[in-house]
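Reading the structure
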Amino acid sequence: MLTARCLSDDTLAHLEAAGHVCILKDAFDFESPSEIANLILAENCEAALALHLYRGGRLLQGHRIPFGIIFGGTDVNEDANQGEKNIVMGRVLEEARFAVAFTESMKEMAQAQWKARQISLAVTRAVPVQPHAKGKIYVQSQGIATTPNAAFNWNTFLQRSKINQSADNLHIFLLICGLRQVKDPLYLVDAFSEWHQEEPSVYLVIAGPEVDPVFTREVKAKVRRAAGVRLIGEMPQEDLHAVVKNCFAVVNSSVSEGMSAAILEAMDLEVPVLARNIPGNAAVVKHEVTGLLFSSPQEFVHLAKRLVSDPALEKEIVGNGREYVRMYHSWQVERDTYQQLISKLEGSTED
């Protein structure tokens, strides 16, 4: 089974638990479908599962092995609005045996997007064309299981992050994201830095891998000049979960999201969430119920100050968030769904 590197560790575990041997690869490592063809031949791959309809899916076309797709978020929210990418993704969806959307709204957007394209093609060609998406898209929210490292030393982490204050008096806001533009890690930096100068106990820590080298340089340069903002690299998942558990709140400032695992993991670990008010975030964060939603850096600071000064609000949000994850993001349900879907990749297309 060939899988995309961006798939979560849990998704990979679901496939391997069903007896599949998986080869994990990053779509960014391949420049053309021919490189994928060589890999498929060399490793004798019988099926594939890719994250992102365009970035991963376009590499799998035409290789005569069955594959499934998991929508990433930016594919449906952004790439679908770009003509050539839309056409490519429509073809990928036509060839895929199934696709997974994290939410009903994402499924509806995809169905509307590629049904509309098919109607357009049918009119242009004067022939009946079946919608790509019909009956192929399944909704499965991300299953969440957190495993914080019990031996993690919070004080050592703070020292390494050059935060030289007593942990008892700190309010660490943690932004978890790969350094790329769609995650917009610089969105809050100026406003947060200004707040830090008023209130030195608040810090914004940005944690994640350096995905886009050019943008990473921009982020590093900006953070170096920003008081109260720190940048740390990618961490092992168990350590990252320990950081989440110890921080005051988790932040999401993305321009586009499918479904943020970091938000859901924070809820599972009983940590408050402040998220940018975009469709992917609003699908899991109900304002003042399971978290707080902001639409500008200034609104973020206002809500963050409110959260710091209102323990009752913090307690309510944390309790509601934890209950929401338990009810709607079951790890076992996710496992059952993926194991059922993978069976669609077994056998020939005619089966």
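The name given to the protein chain in an unreviewed UniProt entry is Glycosyltransferase 1 domain-containing protein 1, and the organism recorded there is Piliocolobus tephrosceles. What UniProt records for the protein chain under Subcellular location (unreviewed entry) is the sentence "Secreted".

What follows deals with the UniProt feature "domain: Glycosyl transferase family" (unreviewed entry) in the protein chain. The sites that carry the UniProt feature "domain: Glycosyl transferase family" (unreviewed entry) are, in the present numbering, residues 162–323. The span residues 162–323 carries 43% helix and 17% strand; its end-to-end C-alpha distance comes to 35 Å.

To continue, consider the nonpolar core. Residues I69, F71, F157 and I172 are the most contacted members of the largest nonpolar core, which totals 79 residues. Element by element, the count of residues in this core is highest for helix α10 (residues 261–268), at five residues.

On to the packing of aromatic side chains, then. All told, the structure shown has ten aromatic pairs when counted by the stated rule. Here W154 and F157 contribute two aromatic rings whose centre-to-centre distance is 5.2 Å and whose plane-to-plane angle is 15°, an arrangement assigned as stacked. A residue pair is termed a helical-turn pair when its members lie 3 or 4 positions apart in one helix, as W154 and F157 do in helix α6 (residues 154–160) at three residues. A relative accessible area of 0% means that F157 is categorised as buried. Ring pairs connect the aromatic residues F173, F192, W195, F248, F294 and F300, which therefore count as one cluster. Here the guanidinium or amino end of R276 rests over the ring plane of Y187, the centre of that ring lying 3.5 Å away.

What follows is about the pairing of strand β11 (residues 273–276). The side-chain alternation of β11 yields two buried faces, one formed by V273 and A275 and the other by L274 and R276. Pairing between strand β10 (residues 249–252) and β11: three bridges, direction parallel. Across the sheet, residue V250 finds its bridge partner in β11, namely V273. In this sheet, strand β12 (residues 292–294) lies alongside β11 in parallel orientation, the contact comprising three bridges. Looking at β12, one finds that R276 is bridged to F294.

Residues of helix α9 (residues 237–246) that are buried: D239, L240, H241, A242, V243 and V244. Buried residues belonging to α9 abut α6, β7 (171–176), β8 (202–207), β10 and α10.

Our next topic: helix α8 (residues 213–224). Compared with an ideal rise of 1.5 Å per residue, which puts twelve residues at 16 Å, α8 spans 17 Å between its outermost C-alpha atoms and is within 8% of the ideal. Among all positions in α8, only F215, T216, V219 and V223 are buried. Seen end-on, α8 carries its buried residues on one side only, within an arc spanning 105°. In α8, the exposed residues that point more than 90 degrees away from the buried face are P213, V214, R217 and R224. Buried residues in α8 make contact with β8 and β9 (229–232). Put simply, D212 is the residue that caps the front of α8, since its side-chain oxygen is 3.1 Å from the backbone nitrogen of V214.

Tracing the backbone through its elements, the reader meets T103 in the loop between β5 (98–101) and α5 (104–125). On the basis of relative accessible area, T103 is assigned to the buried category, the value being 12%. With near-sequence residues (within four places) excluded, T103 lies in contact with V139, M259 and A283.

Turning our eyes to something else, we now look at the environment of M235. Here M235 shows up in the loop between β9 and α9. Between the C-alpha atoms of M235 and P209, which are 26 residues apart in sequence, the distance is 8.2 Å. In this view, M235 contacts F152, F157, R160, L240 and V243; residues no more than four positions away in its chain are not counted.

What counts and how
For every chain, the first residue of the written sequence is number 1, and numbering continues from 1 onward in sequence order. Local features in this predicted model are restricted to residues whose pLDDT is 70 or higher, and side-chain atom pairs enter the listing and the counts only when it is 80 or higher, whereas totals over whole chains, interfaces and linings include all residues. For the side-chain quantities, the full set of heavy atoms in the structure was used; hydrogens and water were omitted. UniProt positions are given in the numbering used here, feature names are shortened, and annotations may be inferred rather than shown by experiment. Helix and strand definitions follow DSSP, with helices as H or I runs of at least four residues and strands as E runs of at least two, each counted in order from the N terminus. Definition used in this section: a nonpolar core is a set of buried Ala, Val, Leu, Ile, Met, Phe, Trp, Tyr and Cys residues joined via side-chain atoms within 4.5 Å. Per-residue accessibility, obtained with a 1.4 Å probe over protein chains only, is compared with the maximum for each type, and a residue is labelled buried under 20%, exposed over 50%, and partly exposed between these values. Here a pair means two rings of Phe, Tyr or Trp (six-membered ring of Trp) with centres within 6.5 Å. Their orientation is stacked below 30 degrees between planes, edge-to-face above 60, and tilted elsewhere. Two conditions define a charge located above a ring, namely a distance within 6 Å from the ring centre to NZ of Lys or CZ of Arg, and an angle within 35 degrees of the ring normal. Here a strand pair is declared whenever DSSP counts at least two bridges between the two strands. By definition, residues are in contact when any of their heavy atoms lie within 4.5 Å. To estimate how far a helix should reach, multiply one less than its number of residues by 1.5 Å. Working definition: the arc comes from the directions between the helix axis and the C-beta atoms, pointing outward to the latter. Polar contact is the term for a pair of N or O atoms within 3.5 Å; when the atoms are in protein, one must be able to donate a hydrogen and the other to accept it, and sequence-neighboring residues count only if both atoms are side-chain atoms.

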